[in-house]
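If you want the building blocks of each chain, they are given just below.
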Amino acid sequence: MRIDVVTIFPEYLEPLNVSLVGKARARGQLDVRVHDLRSWTHDRHHTVDDTPYGGGPGMVMKPEPWGEALDHILTTGGDDGPEAAGERPVLVVPTPSGEPFTQELAVELSERPWLVFTPARYEGIDRRVIEEYGERLDVREVSIGDYVLAGGEAPVLVMVEAVARLLPGVLGNAESHRDDSFAPGAMADLLEGPVFTKPPEWRGRGIPEVLLSGHHGRIARWRRDQALARTSANRPDLIARCDPAALDKRDRATLAELGWQQGTDGRFGRPGEAVEE
Ligand code: SAM
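Values in this document were obtained by computation on a predicted structure and should not be read as measured data. (Residues numbered from 1 in each chain as written. Predicted model: local features only at pLDDT ≥ 70, side-chain atom pairs only at ≥ 80, totals over all residues. Heavy atoms only, no water.)

(A) Broad picture of the overall build of the chain. Across its full length, the chain holds eight helices and nine strands. Residues counted as buried form 40% of the 277 residues belonging to the chain. For the chain, long-range pairs separated by at least 24 residues make up 71% of all intrachain contacts whose partners lie at least 6 apart in sequence. Averaging the coordinates of the 32 positive side-chain charges in the chain and doing the same for the 46 negative ones gives two points 7 Å apart. (Helix = DSSP H or I, 4+ residues; strand = E, 2+ residues; numbered from the N terminus. Buried < 20%, exposed > 50% of the residue type's maximum accessible area, 1.4 Å probe, protein only. Contact = heavy atoms within 4.5 Å. Lys, Arg positive; Asp, Glu negative; His and termini not counted. Charge placed at Lys NZ, Arg CZ, Asp CG, Glu CD.)

Pasting the structure below:
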């Protein structure tokens, strides 16, 4: 996969050289290119921002450097990258006003050969840039959460790591993300339960007996109950919108013990509690 990032703080992306993403780059599984937006400015001060039309506080990123940067990226590459095969990238625009970044979106992006990220600063990028490239590329405006950061570089680090660990061969054990919270499949929409390792006793605290039993069926059931309990405690919204068809009889019994009731539509709710959908 090829990943391009355009930023006014290339050094902010240094963590892409370490750990999982760094190793994937070193192995040639990821071709990451970080570009300095100021390389496409032409004034003495390398200006990338200006005052907003209509007034108001803050500055807005000018369209011209972004346009030149993106045109350059779209027309350059190697002999064997996705660009050589005629692929168009997905343009991922971090913004608090975008669609939520989810595991589902991470999976979708991991299936594309080329992603271009445009982390902004100030009040964001002149809208015309999104409109212009939206006519030529798949553009995804994405938020990593309901809070506002000073810039899009940290969201890019978050998204690249979430996507990179899904690429074939990047995780040492391909099974590792199968049971993750939000992983598609049996655990979809449930958070992963607690995990334990050696020693068997630490500061007087032991390991749940069932994990030492060697009984795979009982262990799987215990994990499922723990996932239901943790999701019920930390993310009741996920239980409320959970597909009843994905739950077996024992799941329903566990949820009943946790105070959930199944409505006539099959959905779960807790009496007296308004759950945000
Ligand atoms: N005025 C903008 C608003 O309220 O939507 C906030 C701009 S923010 C200070 C500057 C940049 O940080 C954004 O353009 C975006 O690139 C990035 N950013 C901040 N919070 C983010 C979030 N939750 N998700 C993704 N990107 C974010």
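Picking up where we left off.
(B) Looking closely at the pairing of strand S2 (residues 31–36). Relative to S2, strand S1 (residues 2–7) is paired through six bridges, and the arrangement is parallel. If you follow Asp-4 over to S2, its bridge partner there is Arg-33. (Pairing = 2+ DSSP bridges.)

(C) Fine view of the site of the ligand. In the neighbourhood of the ligand, 18 residues make up the surrounding shell, with Pro-94, Glu-123, Ile-144, Tyr-147 and Leu-149 lying closest. Between a nitrogen atom of the ligand and a main-chain N or O atom of Tyr-147, the distance comes to 2.8 Å. Within the backbone of Gly-151, one N or O atom sits 3.5 Å away from an oxygen atom of the ligand. Protein coverage of the free-state accessible area of the ligand, which is 580 Å², stands at 83%. Counting residues per element, the ones that place at least two in the shell around the ligand are strand S5 (90–100) and strand S7 (138–143). Element by element, the count of residues in the shell around the ligand is highest for S5, at three residues. For the shell around the ligand, the per-class residue count stands at eleven nonpolar, six polar and one charged. (Near = heavy atom within 4 Å. Polar contact = N/O pair within 3.5 Å; in protein donor to acceptor, adjacent residues only side chain to side chain. Areas by Shrake-Rupley, 256 points an atom, 1.4 Å probe, with all protein chains shown as cover. Nonpolar A, V, L, I, M, F, W, Y, C, P; charged D, E, K, R; others polar.)

(D) Geometry of the side chain of Thr-95. Relative to the elements of secondary structure, Thr-95 occurs in strand S5. Among residues more than four places away in sequence, those in contact with Thr-95 are Glu-141, Val-142 and Ser-143.

(E) Just the side chain of Asp-49, in detail. Examined against the element boundaries, Asp-49 turns out to sit in strand S3 (residues 49–50). It turns out Asp-49 is buried and unbridged, and the closest side chain with the opposite charge, Arg-38, is 5.6 Å from it. (Salt bridge = Lys/Arg side-chain N within 4 Å of Asp/Glu carboxyl O.)

(F) Fine view of the pattern of salt bridges. Going through the model one piece at a time under the given rule, you end up with 20 salt bridges. The shortest N-O distance in the salt bridge between Arg-165 and Asp-180 comes to 2.9 Å. Here the residue Arg-165 occupies a position in the loop between helix H5 (153–164) and helix H6 (216–234), and Asp-180 occupies one in the loop between H5 and H6, the gap between them amounting to 15 residues. Here Arg-165 falls in the partly exposed class, since its relative accessible area comes to 23%. One salt bridge in this structure joins Asp-225 and Arg-250, with 2.4 Å as the shortest N-O distance. Of the two residues, Asp-225 sits in helix H6 while Arg-250 sits in helix H8 (residues 249–257), which places them 25 residues apart along the sequence. In this structure Asp-225 comes out as buried when scored by relative accessible area, which is 13%. When its relative accessible area of 41% is taken as the criterion, Arg-250 is described as partly exposed. Via salt bridges that share partners, Arg-221, Arg-224, Asp-225, Asp-248, Arg-250 and Asp-251 belong to a single interconnected network.

(G) Expanded view of the environment of Tyr-133. Secondary-structure assignment places Tyr-133 in helix H4 (residues 127–134). Residue classification places Tyr-133 among the buried positions, given a relative accessible area of 2%. Polar side-chain contacts of Tyr-133 include one of 3.0 Å to the backbone oxygen of Gly-67. Within the structure, the side chain of Tyr-133 is placed 2.7 Å from the side chain of Asp-71, a separation counted as a polar contact.

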